[in-house]
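Spelled out, the chains give:
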Amino acid sequence: MIRMGKEIMRAFEKNIRKVEPYVPGEQPQNKVIKLNTNENPYPPAPGVARALREMDTDRFRLYPDPACTPLVEALSEFYHVNRDQVFVGVGSDDVLSMCFLTFFNSEKPVLFPDITYSFYKVWAELYRIPYECQKLDEDFRIVKEDYYKENGGVIFPNPNAPTAIYEELEVVEDIIKANRDVIVIVDEAYIDFAGRSAVELIGQYDNLIVVQTFSKARSMAGMRIGYAVSNPALIRYLNDVKYSFNSYTMNQASLVCGVEAVRDKSYFEEGIRKIIKTREWAKGEFSKLGFRFLDSSANFIFATHPEYDAKELFEALKAAGIYVRYWGSERIEQYMRITVGTREEMEALFAFLRKYMGK
Ligand SMILES: *Cc1c(COP(=O)(O)O)cnc(C)c1O
């Protein structure tokens, strides 16, 4: 036994891989207005429900296709790339964690923003990858020059989370260009609400990986599907690590449903249009109430109010059955992140806020 101060520690404790886990937003089991984890308020494409009704459950006896062929095929058609340029996994969290494990293996630090998806830090810690956070500027924008120094890899979301700020593709390209000797991962969880994707740069830069998800714009967070688009060499490295870990990450039902979701392009585009319309209207409502927020290009708004404490507001909203996200961490103590729900859900949010503020 090892004595640490007053605590007595079992000898095996020192060899246990300990990490401080990522804490996801709450998933309350009762009915609330849920604007806390950036899910899509609309159902997935109708073909998904049909595929589930007609699902060949006898097929469940067998292991699923480890190469996820039909889904890889559907995605490669959608993005006009070859099949060997697509990797799929159990949500983009799985894909990103595989990318950390596969590509970030240097003694030099991996670079990512100080305010960003908090999972990056957790994976870096879990895999013992050195990292260094680069400070967003006072407007919460990425300073591209911060990523020009020597490093062991680069990762950032575009649009960034939780700021919702989209950087033009030129900025993304400058960062990729300045880092030709390491892998650059662009996490595009919210790109469909924003602008041009870095997928169009895949052919030009052999160090680029673009990661996307079915959880946001495709309304399928519950099915856990994410993917990476890159060049065949990097996709091969990813698959080698995956097959050294667990060959059957994707379950049969998710594979079938995923294909249906990708095929229905017009439903996908219509859903995005609706959310953007609600987002733009909601920006006006937040302004009227005196909120300040960053100009969102995602399906959420990162807002602060000069006269109301964010934590108190977050708690009052929660008590009223309206869930939003609040971190209380450095530099963003006075900010809340509000997912764009349906127009009706947002009306309920603003009705509560008006009453709370006596307006
Ligand atoms: C939601 C999100 C993810 C993870 O989504 P999955 O549900 O695991 O696909 C990854 N990155 C960012 C920035 C996100 O917001």
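What comes next is a walk through the structure. (Residues numbered from 1 in each chain as written. Predicted model: local features only at pLDDT ≥ 70, side-chain atom pairs only at ≥ 80, totals over all residues. Heavy atoms only, no water.)

**A closer look at the sheet that holds strand 14 (residues 336-339)**
We apply this condition: Two strands qualify as a pair provided that DSSP identifies no fewer than 2 bridges between them. Only DSSP runs of H or I reaching four residues or more are called helices, and only runs of E reaching two or more are called strands; each is numbered from the N terminus. Note on contacts: a residue pair is in contact if any heavy atoms of the two residues lie within 4.5 Å. Helix axes are fitted only over the stretch in contact, all axes being lines through C-alpha atoms; the angle between N-to-C directions runs from 0 to 180 degrees.
Taking strand neighbours across the sheet as the criterion, the three strands line up as 11-12-14 in an open arrangement whose pairing is antiparallel. Looking at the sheet topology across the chains shown, the edges are occupied by strand 11 (292-293) and strand 14. With four bridges connecting them, strand 12 (residues 300-304) and strand 14 associate as antiparallel partners. Bridge assignment links F302 to a residue of strand 14, and that residue is R337. Here helix 8 (residues 265-288) sits on the sheet in contact with strand 11, strand 12 and strand 14, set at roughly 10 degrees to strand 12.

**So, the pattern of salt bridges**
Inclusion rule: By definition, a salt bridge exists where a carboxyl oxygen of Asp or Glu is found within 4 Å of a side-chain nitrogen of Lys or Arg. Only protein chains enter the calculation, and the probe is 1.4 Å; a residue is then buried if its accessible area is under 20% of its type maximum, exposed if over 50%, and partly exposed in between.
In the structure shown here, the tally under the stated rule is 23 salt bridges. One salt bridge in this structure joins D58 and R61, with 2.9 Å as the shortest N-O distance. Residue D58 is classed as partly exposed on the basis of its relative accessible area of 45%. Look at R61 and you get exposed, because its relative accessible area is 62%. A single salt-bridge network, built from bridges that share partners, covers R279, E280, K283 and D295.

**Here's the deal with the side chain of T249**
Within the secondary structure, T249 is located in the loop between helix 6 (232-243) and helix 7 (252-263). A relative accessible area of 15% places T249 in the buried class. Those residues in contact with T249 that sit more than four places away from it in its chain are V90, D94 and K242.

**Quick look at the packing of aromatic side chains**
To keep it simple, the criterion reads: Each aromatic pair joins two rings of Phe, Tyr and Trp (for Trp, the six-membered one) with centres within 6.5 Å, and gets the label stacked for planes under 30 degrees apart, edge-to-face for over 60, and tilted for any other angle. Two thresholds decide whether a charge sits over a ring: the Lys NZ or Arg CZ must be within 6 Å of the ring centre and within 35 degrees of the ring normal.
Tallying each qualifying case throughout the model produces 29 aromatic pairs. Measuring from ring centre to ring centre gives 6.4 Å for F140 and F302, while their planes differ by 50 degrees; the resulting arrangement is tilted. On the criterion of sequence distance, the pair formed by F140 in the loop between strand 6 (131-134) and strand 7 (153-157) and F302 in strand 12 is long-range, its members being 162 residues apart. There is no split in this pair, since F140 and F302 are both buried. With a centroid separation of 5.7 Å and an interplanar angle of 85 degrees, the aromatic rings of F214 and Y227 are classed as edge-to-face. You can see F214 sitting in the loop between strand 9 (208-213) and strand 10 (226-229) and its partner Y227 sitting in strand 10, a full 13 residues away along the chain. Its relative accessible area of 0% is what places F214 among the buried residues. Overall, the relative accessible area of 1% leaves Y227 in the buried class. An aromatic cluster is built from Y22, F100, F104, F112, Y117, F119, Y120, W123 and Y131, whose rings are joined through pairwise contacts. Positioned above the aromatic ring of F78, the side-chain terminus of K265 is 5.3 Å from the ring centre. Taking the ring centre of F300 as reference, the NZ or CZ of R337 above it sits at 5.6 Å.

**Focus: the sheet that holds strand 8 (residues 184-187)**
Spatially, 4-10-9-8-7-5-6 is the arrangement adopted by the seven strands of the open sheet, whose pairing is mixed. Edge strands, defined here as strands with exactly one partner in the open sheet, are strand 4 (86-89) and strand 6. Going across the sheet, the axis of each strand differs from the next one's by a mean of 20 degrees, ignoring polarity. Of the strand pairs in this sheet, strand 8 and strand 9 are connected by four bridges, and their pairing is parallel. Each residue of the ladder has a partner; that of I185, found in strand 9, is I209. This element, helix 2 (residues 69-79), spans strand 4, strand 9 and strand 10 of the sheet and lies at about 130 degrees to strand 4.

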